[in-house]
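# Working through the structure, step by step
Given next are the chains, with one letter for each unit.
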Amino acid sequence: MRDGRLIFRDPRPLLLANARVIDPSRGSDFHGDVYLADGVIKDAGFGIAASGVPDGAEVVDCKGAVVAPGLVDMCAFVGEPGAEHRETLASASHAAAAGGVTTIICQPNTDPVVDDPAIVDFILRRARDTAVVRVHPMAAITKGLRGEEMTEIGLLQAAGAVAFTDGHRSVASAQVLRRTLTYARDFDALLVHHTEDASMSQGAMNEGAFAARLGLSGNPKAAETIVLERDVRLVAGARGRYHAAALTCAESLAVLERAKEAGLPVTASATINHLSFNELDIGAYRTYFRLAPPLRAEDDRQALIRAIASGLIDVVVSDHLPQDVEGKRLPFSEAEPGAIGLETLLSAALRLVHSDQVDLVTLLAALSTRPAAILGLDAGTLRPGAPADVIVFDPGMPYVLEPSMLKSRCRNTPFDEARLDGRVLRTIVAGATVYEYV
Amino acid sequence: MHAASAFTLSGRDLLGIEGLIASEITGLLDLAEEFVELNRQIEKKRTTLRGRTQINLFFEASTRTQSSFEIAGKRLGADVMNMSVGSSSVKKGETLIDTAITLNAMHPDILVVRHHASGAVALLARKVDCCVVNAGDGAHEHPTQALLDALTIRRNKGRIAGLTVAICGDVLHSRVARSNIILLHTLGAKVRLVAPSTLLPAGIESLGVEVFRTMEEGLRDADIVMMLRLQRERMAGSFIPSVKEYFHYFGLDEAKLRHAAPDALVMHPGPMNRGVEIDSAVADGPRSLIREQVEMGVAVRMAVLDTLARKLPNA
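Residues numbered from 1 in each chain as written. Chains lettered and ligands numbered in written order. Predicted model: local features only at pLDDT ≥ 70, side-chain atom pairs only at ≥ 80, totals over all residues. Heavy atoms only, no water.

## A few points about the packing of aromatic side chains
Rules: Pairing of aromatic rings covers Phe, Tyr and Trp, the last counted by its six-membered ring, and requires centre-to-centre distances within 6.5 Å; plane angles under 30 degrees mean stacked, over 60 mean edge-to-face, and any other angle means tilted. Only DSSP runs of H or I covering at least 4 residues are called helices, and only runs of E covering at least 2 are called strands; the numbering of each starts at the N terminus. Exposure is judged per residue with a 1.4 Å probe applied to protein chains only, and the accessible area is read against the type maximum: over 50% gives exposed, under 20% gives buried, and values in between give partly exposed. Working rule: Lys NZ or Arg CZ, within 6 Å of ring centre, within 35 degrees of ring normal, means a charge sits over the ring.
Enumeration over the complete set of coordinates arrives at 5 aromatic pairs over all chains. Ring centres of Phe277(A) and Phe289(A) lie 5.0 Å apart, and the angle between their planes is 90°; on these two criteria the pair is classed as edge-to-face. In this pair, Phe277(A) sits in the loop between α8 (272-276) and α9 (298-310) while Phe289(A) sits in the loop between α8 and α9, placing the two residues 12 residues apart along the sequence. Side by side, Phe277(A) and Phe289(A) carry an identical accessibility label, which is buried. In this structure an aromatic cluster arises from ring pairing among Phe277(A), Phe289(A) and Phe415(A). Positioned above the aromatic ring of Tyr399(A) is the side chain of Arg423(A), whose terminal nitrogen or guanidinium carbon lies 4.1 Å from the ring centre. When the ring centre of Phe69(B) is taken as origin, the NZ or CZ atom of Arg301(B), which lies over that ring, is 5.0 Å away.

This is the structure we're talking about:
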């Protein structure tokens, strides 16, 4: 396991009793108890409480709420270093804790860019000192995110970078990406690639009838699919591990399916926003719905949901991207893209369970077990001996999202005033409770 | 004037043609007819807007629209101020909303706004207390242009319902096209679009138009041929190979006009690129309504300002 970098607070042993225990790493879902001590999971099973409470343990009656592994969010932007006014490691970690995210994988498009081992080290130290959940940085694929020269993949990985990405930029040069995939394979390093051709993504939203009506320039779906198809061909030759960062349309899913059937080391994410909304939610130029890649049609959203249910898409990410008021109180085409999402990730994803489109075990796997496995992290499981990163949540508890209750430094949530069902009651990291809903 | 003076729009602002019902459009056109007569008199002044302040806030350069709104406001008795923001505050970093809040504090009654971004005028309208007229927002809407086009058509053809109108050229970048499509559709005309596929927005058929790729087909038996300006300043993205080829296939000359109905009339919102989308012989010829469109522009804008002012406080 890679180092979790959390202050060890020597918590009391904790017995989470009378719970619906879901461990997606083993496909299990049963009524029972989970016992945590010494920062690890000691046991998860039937009747632990009945056989006697361990000495000194705090007992929590979960009253049938779900106990599951903490979520691993594979894509979140934290503004540290360089944009601390938008988000810090501390504020992001509080938002994460409130949302049941126990591990944040943060993006390298900071200022300076995470393309030097010293910056990886800086983030890990700042996270250790200020964050309440685990934080692992991704480093840049190319120096300065310029798409020209690969970064020091080996040294960055040794410093603690869990994967490599150029954030919301695609590497335009096929040769650069091919060489990097080939080189990264020697280190078993994972490349997480944003698949959007820059020359075709200058628009403000999805291309189509609604963009025509609003008079906004559109980005075609082909901008995404072309890059994904190219990348799959490169992976077929280079055999480096590759993860498509945020697929949005049905056409891309067909490409992904072929790549997986061919046995290529390809995995993919979808963002919670693309699973929750379609382009019509933009309505009258609502800038909180300006995203990159853009929201697509309802057919695409439904295809993404089916791909989560079938496991074709491995991971659901928040794509947390805080933008301040100045970036969003602008005409749509001039507004900054992005939405915050750490705090609403689980509640929003549970909509797919409530609508009977995805079962809860599969959803939690896409939010914890799968990203942990892809990144090589010891997380996303309730197996005894694993770190005690655990959440307790009530999947049916209704609430209305008040922007004032958000812990993020920014308020740009498309779930503003939305009705959500499902609330995190307790978030535990390394055995210590870092968030409790009271 | 008495019957017409009871007429109002349902909204406080005029942000687009979308959302107007047919009776609101014809109500504005009927009122504009009266102003056409007034504008041909020596004494052109009314007092409807006396004491009112109208600010023309243009974030994008404009000559004809801005002067047309200025004259319209002055003839109705308003105090009119022109602000070209592109040159001042925006360069100092002031945002659209800050500009709106600043102007709002000066208690204008009417704001006439043009902006280069779609949706920007509606955004600004939410932040002010006065009524707002959209004088063009990005590639979205230009409602007074569509109204003046409709007035021009109605005066020359006697009706709009049942006519076939061919809108030709750079639809992709055109707010004029969108407003016209919606208005003509609402009043029962058949709308055709004629353009190379690169200058048509994807999915535009959903607005209820028929799309043609050649002038010969698109103009066949059309009653009105409406040319759009080729927005050459937005041509960086390889939309057409050259102005020469564009004129060859889509420029309106006498030969192409012969495909339209024998009594077809020609329109252009201006400013024209002569020799690019329209030949001078057609633009200045007997079937051109281009100068009349400019005249109708003032009358329509007077009708819009007058109507909106009826819903102002203390009106």
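The discussion continues.
## A few points about the interface of chain A and chain B
Under the convention used in this document: Here, two residues are considered to be in contact whenever any of their heavy atoms come within 4.5 Å of each other. Put simply, buried area is how much 1.4 Å-probe accessible surface two parts lose in total, over both of them, once they are put together. A pairing counts as a salt bridge when a side-chain nitrogen of Lys or Arg comes within 4 Å of a carboxyl oxygen of Asp or Glu. Identification of polar contacts relies on pairs of N or O atoms within 3.5 Å, with a donor-acceptor requirement for protein atoms, meaning one able to donate a hydrogen and the other able to accept it, and with residues adjacent in sequence counted only if both atoms are side-chain atoms. When residues are grouped by polarity, Ala, Val, Leu, Ile, Met, Phe, Trp, Tyr, Cys and Pro land in nonpolar, Asp, Glu, Lys and Arg in charged, and all others, Gly among them, in polar.
Facing 15 residues of chain A, the contacting portion of chain B comprises 21 residues. For the chain A and chain B pair, buried surface summed over both sides reaches about 1,400 Å², with 57% attributable to carbon and sulfur atoms. Where chain A packs against chain B, one counts 1 salt bridge. A salt bridge links Arg213(A) to Glu18(B); the nearest nitrogen and oxygen atoms lie 2.8 Å apart. On the surface where chain A and chain B come into contact, there are 5 residue pairs in polar contact (both at pLDDT 80 or more). Grouping the constituent residues of the side of chain A that touches chain B by class yields 8 nonpolar, 3 polar and 4 charged.

## So, the nonpolar core
Basically, it comes down to this: Here the nonpolar core consists of buried residues drawn from Ala, Val, Leu, Ile, Met, Phe, Trp, Tyr and Cys, with membership extended through side-chain atoms lying within 4.5 Å. A domain assignment, automatic or from a database, supplies the domain bounds used here.
Judged by nonpolar contacts, the single largest core of 108 residues is most densely connected at Ile104(A), Phe164(A), Leu346(A) and Phe393(A). Sort the elements by how many residues they give to this core and helix α11 (residues 345-354) of chain A lands first, with 7 residues. Counting contributing residues, this core receives three or more from each of domain 1 (14-67 + 388-408 + 417-436) and domain 2 (70-381) of chain A. Residues in contact with Phe164(A), not counting those within four places in the same chain, are Ala139(A), Ala140(A), Ile141(A), Thr151(A), Ile153(A), Leu156(A), Gln157(A), Ala189(A), Leu190(A), Leu191(A) and Val192(A). Ile181(B), Ile182(B), Val191(B) and Val300(B) belong to the second-largest nonpolar core, a separate cluster that totals 70 residues.

## Description of the UniProt feature "binding site: carbamoyl phosphate" (unreviewed entry) in chain B
Residue and element names in this part refer to chain B. Just so we agree on the cut-off: UniProt positions are given in the numbering used here, feature names are shortened, and annotations may be inferred rather than shown by experiment.
In the numbering used here, UniProt assigns the feature "binding site: carbamoyl phosphate" (unreviewed entry) to Arg64, Thr65, Arg114, His142, Gln145, Gly270 and Pro271. Mapped onto the elements, Thr65 comes out in helix α2 (residues 64-75). Under the relative-accessibility criterion, Thr65 is labelled buried at 5%. Filtering out sequence-adjacent residues up to four positions away, Thr65 remains in contact with Phe58, Arg114, Ala135, His142 and Arg301. Positionally, Gly270 belongs in the loop between β9 (265-267) and α10 (280-283). Residue classification places Gly270 among the buried positions, given a relative accessible area of 17%. With sequence-adjacent residues up to four places away left out, Gly270 is seen in contact with Arg64 and Arg229.

## Brief notes about α2(B)
All names here are of chain B. Short version of the rule: The span one expects for a helix is its residue count, reduced by one, times 1.5 Å.
Helix length check: α2, at 12 residues, gives a terminal C-alpha distance of 16 Å against a target of 16 Å (1.5 Å per residue), a fit within 8%. Within α2, the full set of buried residues consists of Thr65, Gln66, Ser68, Phe69, Glu70, Ala72, Gly73 and Arg75. Directly beyond the C-terminal end of α2, a positive phi value near 95° is found at Gly77.

## Details of unusual backbone geometry
Backbone phi values are negative for most residues with the exception of glycine, while trans is the configuration of most peptide bonds. For the bond from Ala292(A) to Pro293(A), the omega torsion is -5°, close enough to zero to count as cis. Position of Pro293(A) relative to the elements: it lies in the loop between α8 and α9. Omega for the peptide link from Gly270(B) to Pro271(B) comes to -10°, which places this bond in the cis form. Even without being glycine, Asp188(A) reaches a positive phi, approximately 50°. Looking at the element boundaries, Asp188(A) is found in the loop between α4 (174-186) and β10 (190-193).

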